[in-house]
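A closer look at the structure
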Amino acid sequence: MKAPKLFIVIPCYNEQEALPITAKRLTALTDDMIERRLIDPASRIVLVDDGSRDETWRVIEGLRAEDGRFEGVKLAHNAGHMNALWAGMTLCADRCDCCVTIDADLQDDVNAMYGFLEAFAAGADVVYGVRSSRKTDTAFKRNTAQLFYRLMGRLGVEMVYNHADYRLLSRRALEALLSFGEVNMFLRGMVPMLGFKSAKVYFERGERVAGESKYPLKKMIAFAMEGVTSLSNKPIRYVLLLGALCALLGVVMAVYVIVSLVRGHTVAGWASIMMSIWLLGGLQLMALGLIGEYVGKIYLETKRRPKFILEEHLWEGTGDGKP
Ligand code: UDP
Ligand code: MG
């Protein structure tokens, strides 16, 4: 097999301290890969400046001037981690054989890419980088992350445990992913939906080489909310369920109220108020849940996701998926 053209996509937000170190490591890595004929010499490293406020773009310009292997794109404003990744992937999809996305801070072990390429050569379209331990994370981050993975599982979202956004996608997996029309994205929940053959490569997660985390608690909570609301309609269904439960309880209450009324234990007006509170409350919640079901459907429609993703075809053709 010919060595694949690998594009490495790196989102960078205020990474002026980390980027020079990361770039050096990646130059050495790709040099070695080219020498060993694991990747094509036309492979590239795509640096996406996500509207940084520091000197990140200057650093990227400098890297590009020194070495044509580096490519740079600058987003006009801070679009966020997911959107920066999307931008990078969009810009390399029709030029690469496979693409790896990795953070700019070297927390993910770059040597795992050897494993990625091996799995890719063995036929995997998606290779997940999985943290074998979270020793370097704080206990708080570790526990909340664990809780989050569990919650997502409950909500019916398929996710790879302890995998963030360090992964390899083959060109066709990349093209399939990019055909998802949604604006609110949570990539690590979307990739498993592709359904291609996948593999996992484990690595130890290290410390940030330089600079600070660009994910403060506020951003992390927003990110988790995005994960839930962009991938699952279940919370709406729970409202419907709760409404049904309240309505049922309302019926029980109605019996109790009528019995009390007949027995004459009640103050005037109590019975009617009690019954309306329970029955109406339940009915209202149910109606809300029902409307929610439709809103959820509209939400899914607006995403314009592909209805199917082609893996193979057995017809004479040009190989671009068209007869
Ligand atoms: N990042 C980005 N835009 C943002 C926030 C972060 O492109 O608005 C990038 C950042 O430069 C880094 C990656 O996303 O390459 C992950 O961020 P970070 O390492 O700070 O997150 P953590 O590892 O602390 O969760
Ligand atoms: Mg990091």
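Here we summarise the structure given alongside this text. Since the model is a prediction, treat every value here as computed from it, not as a measurement.

Concerning the site of ligand 1
In the vicinity of ligand 1 lie 19 residues, with Glu-15, Asp-50, Asp-105, Ser-213 and Lys-214 positioned nearest. One of the side-chain nitrogen or oxygen atoms of Asn-78 is found 3.1 Å away from an oxygen atom of ligand 1. At 2.4 Å from an oxygen atom of ligand 1 is found a main-chain nitrogen or oxygen belonging to Lys-214. Computed on the free molecule, ligand 1 has an accessible area of 530 Å², of which 94% lies beneath the protein chains in the complex. For the shell around ligand 1, the per-class residue count stands at 5 nonpolar, 5 polar and 9 charged.

Details of the packing of helix 5 (residues 139-154) against helix 8 (residues 217-231)
The contact between helix 5 and helix 8 brings their axes to 11 Å, and the two run at 10 degrees. By the angle between their axes, helix 5 is roughly parallel relative to helix 8. For the pair helix 5 and helix 8, contact is made by Phe-140, Lys-141, Thr-144, Phe-148, Leu-151 and Met-152 and by Leu-217, Met-220, Ala-224, Gly-227, Val-228 and Leu-231, respectively. Here the residues of the contact of helix 5 with helix 8 are counted per class, giving 9 nonpolar, 2 polar and 1 charged.

Notes on a nonpolar patch on the surface
Where nonpolar side chains cluster on the molecular surface, the patch consists of Phe-140, Leu-217, Ile-221 and Met-225 and spans about 420 Å² of accessible area. Note that Leu-217 resides in helix 8.

Thoughts on the environment of Asn-184
Mapped onto the fold, Asn-184 is located in the loop between helix 6 (171-178) and helix 7 (187-194). Residues contacting Asn-184, with those up to four places away along its chain left out, are Glu-226, Ser-230, Tyr-299 and Lys-303.

Side note on the coordination of the magnesium ion (ligand 2)
Around a metal, the perfect tetrahedron of four donors has angles of 109.5 degrees, and the perfect octahedron of six donors has angles of 90 or 180 degrees. Those protein atoms acting as donors to the magnesium ion (ligand 2) are Asp-105 (OD) and Gln-107 (OE1), and they sit at 1.9 to 2.0 Å. The burial state of Asp-105 is the same as that of Gln-107; both residues are buried.

Quick notes on unusual backbone geometry
Phi is positive for Leu-106, which is not a glycine, with a value near 60 degrees. Residue classification places Leu-106 among the buried residues on the basis of a relative accessible area of 9%. One non-glycine residue, Asn-162, lies in positive phi territory at about 60 degrees. Of note, Asn-162 is situated in the loop between helix 5 and strand 6 (163-170).

A short note on the packing of aromatic side chains
The full count for this structure, using the stated rule, is 7 aromatic pairs. A centroid spacing of 4.9 Å and a plane angle of 50 degrees characterise the contact between Phe-186 and Phe-223, whose relative ring orientation is tilted. Here Phe-223 lies in helix 8 and Phe-186 lies in the loop between helix 6 and helix 7, a separation of 37 residues in the sequence. Both residues of the pair, Phe-186 and Phe-223, count as buried. An aromatic cluster of at least three residues, connected via ring pairs, comprises Phe-148, Tyr-149, Tyr-161, Phe-186, Tyr-215 and Phe-223.

The rules we used
- Residues numbered from 1 in each chain as written.
- Chains lettered and ligands numbered in written order.
- Predicted model: local features only at pLDDT ≥ 70, side-chain atom pairs only at ≥ 80, totals over all residues.
- Heavy atoms only, no water.
- Near = heavy atom within 4 Å.
- Polar contact = N/O pair within 3.5 Å; in protein donor to acceptor, adjacent residues only side chain to side chain.
- Areas by Shrake-Rupley, 256 points an atom, 1.4 Å probe, with all protein chains shown as cover.
- Nonpolar A, V, L, I, M, F, W, Y, C, P; charged D, E, K, R; others polar.
- Axes fitted to C-alpha atoms, helices over the stretch in contact; angles between N-to-C directions.
- Helix = DSSP H or I, 4+ residues; strand = E, 2+ residues; numbered from the N terminus.
- Parallel < 35°, antiparallel > 145°, perpendicular 65-115°, else oblique.
- Contact = heavy atoms within 4.5 Å.
- Patch = residues over 30% accessible without salt bridge, like charges linked within 9 Å, V, L, I, M, F, W, Y side chains within 5 Å.
- Salt bridge = Lys/Arg side-chain N within 4 Å of Asp/Glu carboxyl O.
- Donors = N, O, S within 2.8 Å, 3.2 Å for Na, K, Ca; no water.
- Buried < 20%, exposed > 50% of the residue type's maximum accessible area, 1.4 Å probe, protein only.
- Phe/Tyr/Trp six-rings, centres within 6.5 Å; stacked < 30°, edge-to-face > 60°.

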